Each structure stands twice: as structure tokens, then as C-alpha cells.
Amino acid sequence: MGHPPAAVWSYTPRQIAGFLHFAAVRMKREQAIDLATGFNAARGKPQDVSKRIRELQKE
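Owing to the predicted nature of the structure, the values given are computational and were not obtained by experimental measurement.

Explanation requested: the overall build of the chain in the structure shown.
Helix and strand counts for the chain stand at three helices and zero strands. Listed by position from the N terminus, the elements making up the chain come as α-α-α. Here the chain has a C-alpha radius of gyration of 17 Å; the compact-globule value for 59 residues is 10 Å, and the former is much larger. Viewed in the frame of its principal axes, the chain has a C-alpha envelope of about 50 × 20 × 10 Å. The buried share of the chain, taken over its 59 residues, is 2%.

Would you mind going over the pattern of salt bridges with me for this structure?
A side chain of one charge can pair with a side chain of the opposite charge when the charged atoms of the two come close. This model, assessed by the stated rule, comprises two salt bridges. A salt bridge links Arg26 to Glu30, with the shortest nitrogen-to-oxygen separation between them at 3.8 Å. Taken together, the residues Arg26 and Glu30, both in helix α2 (residues 13-43) and four residues apart, mark about one turn of the helix. On the basis of relative accessible area, Arg26 is assigned to the partly exposed category, the value being 33%. For Glu30, a relative accessible area of 40% puts it in the partly exposed group. For Glu55, the salt bridge is made with Arg52, and the minimal N-O distance between the two is 3.4 Å. Linking Glu55 with Arg52, this pair stays in helix α3 (residues 46-58), spanning three residues, or about one helical turn. Exposure remark for Arg52: the relative accessible area of 31% places this residue in the partly exposed category.

What is the right way to read a nonpolar patch on the surface from this model?
A surface patch of nonpolar side chains, amounting to about 370 Å² of accessible area, comprises Met1, Ile16, Leu20 and Met27. Along the polypeptide, Met27 turns up in helix α2. Classification of Met27 as partly exposed rests on a relative accessible area of 34%.

Where do I start with the environment of Leu20 in this structure?
Along the polypeptide, Leu20 turns up in helix α2. When the C-alpha atoms of Leu20 and Met1 are compared, they prove to be 7.8 Å apart, with 19 residues separating the residues in sequence.

Calculation rules
- Residues numbered from 1 in each chain as written.
- Predicted model: local features only at pLDDT ≥ 70, side-chain atom pairs only at ≥ 80, totals over all residues.
- Heavy atoms only, no water.
- Helix = DSSP H or I, 4+ residues; strand = E, 2+ residues; numbered from the N terminus.
- Rg over C-alpha atoms; globule rule 2.2 N^0.38 Å.
- Buried < 20%, exposed > 50% of the residue type's maximum accessible area, 1.4 Å probe, protein only.
- Salt bridge = Lys/Arg side-chain N within 4 Å of Asp/Glu carboxyl O.
- Patch = residues over 30% accessible without salt bridge, like charges linked within 9 Å, V, L, I, M, F, W, Y side chains within 5 Å.
- Areas by Shrake-Rupley, 256 points an atom, 1.4 Å probe, with all protein chains shown as cover.

The structure is reproduced here in C-alpha cells:
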């Protein structure tokens, strides 16, 4: 989840639980964005899809 394995061994159980919680929240948010993007791409106009791709490339 973005932490080097060597560093994780020094974390307390509470720190590990916190990092895992925030990672799960982040993954759910990313999955929701991916789902919404796919849904819009499937039913959207090609111009709208191209516009969204350009917006994402800027970030």
C-alpha cells in the first residue's frame, strides 16, 4: 500500500490498522471514480470522453 516492507516492521499494530483503513478508503474512492468514468464513457458522447481524457492528462 505504498510503504516499504522494511519500514512496516517497525510500525505498531495501531499504525498498521490506521494505514490499512486509509488505504481501503482510498481504494474505494478510486474504484468509484473508475466506475463512474467507465459508465460515462459507455453512454457519453465521444467529445465528452475526449474532453475528460484531456482533463485527466493535465493532472
